[in-house]
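# A closer look at the structure
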Amino acid sequence: MSTVAKAISLLEILGQGEPEIALADLAKRTGFDKATARRLLISLIEHDLVEQDEGTRLYRLGAGVARLAMMREAQFPFLRTAIPMVEALATESGETVHLSEYSKRGLISVHVIESAKANRVSVPLGELLPMHATASGIAFLAFTEDRIRNAILAGPFPAFTPFTVSSAMALAEHIAAARARGYSIGSQGYEEGVMSVAAPILGADDLAMGAIAIAAPRARIHEGDIERHGVSLIEAARTIGEQLVGRRGLPARKRAS
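Here's a quick rundown of the structure. (Residues numbered from 1 in each chain as written. Predicted model: local features only at pLDDT ≥ 70, side-chain atom pairs only at ≥ 80, totals over all residues. Heavy atoms only, no water.)

### Some details on the nonpolar core
Stated formally: The definition of a nonpolar core used throughout is a set of buried Ala, Val, Leu, Ile, Met, Phe, Trp, Tyr and Cys residues joined through side-chain atoms within 4.5 Å. Partly exposed describes any residue whose relative accessible area lies between the buried limit of under 20% and the exposed limit of over 50%, with all areas from a 1.4 Å probe on protein chains only and scaled to the type maximum. Working definition: helices are DSSP H or I runs of at least four residues, strands are E runs of at least two. Numbering for both runs from the N terminus. What makes two residues a contact is simply this: any of their non-hydrogen atoms within 4.5 Å.
In this structure, Leu89, Val97, Leu99, Ile201, Ile212 and Leu233 are the most contacted members of the largest nonpolar core, which totals 20 residues. Among the secondary structure elements, those contributing two or more residues to this core are α5 (78–93), β3 (96–103), β7 (194–202), β8 (208–217) and α9 (225–245). If you tally residues by element for this core, the top one is α9, at six residues. The residues contacting Leu233, other than those within four sequence positions of it, are Leu89, Val197, Ala198, Ala199, Ile212, Ala213 and Ile214.

Now the structure itself:
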């Protein structure tokens, strides 16, 4: 693992769970020895990407991370454009709505609004969403480059629940169905008892750059809910795409004959 990759792994650990972490815990979670972890942290502190509390000696993400995020958002306002649509969908559906964006690491959740209901679906911010096991992943695959889709279809297909897609043939069928209707449906593939519906957000090249999804407890999904959520998600994804690239962001939804 390169030095840069090691430093990034420390930042990712600091961005998950508790806001401040001890050196020993950071070393344990990353698998680095304490000396290596400390050396990397010192370098990150010098660039304001990590801070250390003078009293507790615990480490946390630094203001430099926010600065980089704002610089990126200024150049490509994905969040600023999409968040109003996420909020509107959360209000309309009453369920958890989450936004994901694609990077070389995969599809990552970048904004989440959880349902106010006691029984709700939680999606961790920054979670890497398995392409084959989530509605967001399948929606993305339905409108992505052939090379990306083929790489996922080549497997493997880790099983998260007894309902996780387990073969290239089954995944290809889900992808084809999602492309035909304009949105994907996920039924307990990543977490038992959870149903999800997702639509891809398309860029200027008509390829997916992310996805927007509604997730709810399966017991609360009634007849007609999936199609209703799908229609709403398509419109939200299209609006985001239009605002980002100045043209229609998704082909018109195809109705079943």
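### Structural notes on unusual backbone geometry
In this structure, the amide linkage connecting Gly155 to the following residue, Pro156, adopts the cis form with an omega of 5°. Positive phi, close to 70°, is recorded for Arg57, a residue that is not glycine. Checked against the element boundaries, Arg57 lands in the loop between β1 (50–52) and β2 (59–61). The exposure class of Arg57 is partly exposed, given its relative accessible area of 43%.

### A word on the sheet that holds β3
Inclusion rule: What makes two strands pair is DSSP finding at least two bridges between them. The convention used is that axes are lines fitted to C-alpha atoms, helices contributing only their stretch in contact, and that angles between N-to-C directions extend from 0 to 180 degrees.
One open sheet accounts for six strands, arranged β5-β4-β3-β8-β7-β6; its pairing is antiparallel. Edge positions in the sheet fall to β5 (128–129) and β6 (184–187), since each of these pairs with one other strand and no more. Inspection of the sheet shows β3 paired to β8 by six bridges, in the antiparallel sense. Note on β8: the bridge partner recorded for Val97 is Ile214. Helix-sheet contacts for helix α6 (residues 135–142) involve β3, β4 (106–113), β5, β6, β7 and β8, and the interaxial angle to β7 is about 30°.

### Examining the packing of aromatic side chains
The geometry of an aromatic ring pair is captured by the separation of the ring centres together with the interplanar angle, meaning the angle of the planes. The cut-off we apply is this: Each Phe, Tyr or Trp ring, with Trp reduced to its six-membered ring, pairs with another whose centre is within 6.5 Å; inter-plane angles below 30 degrees give stacked pairs, above 60 give edge-to-face pairs, and intermediate values give tilted ones. In this scheme, Lys NZ or Arg CZ marks a charge over a ring once it lies within 6 Å of the ring centre and within 35 degrees of the ring normal.
Going through the model one piece at a time under the given rule, you end up with two aromatic pairs. For the pair Tyr102 and Phe140, a centre-to-centre distance of 4.6 Å together with 25° between the ring planes defines the contact as stacked. Residue Tyr102 is found in strand β3, and its partner Phe140 is found in helix α6; the two are separated by 38 residues along the sequence. Given the relative accessible area of 29%, Tyr102 is considered partly exposed. With 4.9 Å between their ring centres and 85° between their planes, Phe160 and Tyr190 make a pair best called edge-to-face. Of this pair, Phe160 sits in the loop between α7 (146–153) and α8 (168–181) while Tyr190 sits in the loop between β6 and β7, placing them 30 residues apart in sequence. For Phe160, a relative accessible area of 39% corresponds to the partly exposed category. Note that Lys6 overlies the ring of Phe32, its terminal NZ or CZ placed 5.9 Å from the centroid. In this structure, Arg181 packs its charged tip against the face of Tyr183, placed 5.4 Å from the ring centre.

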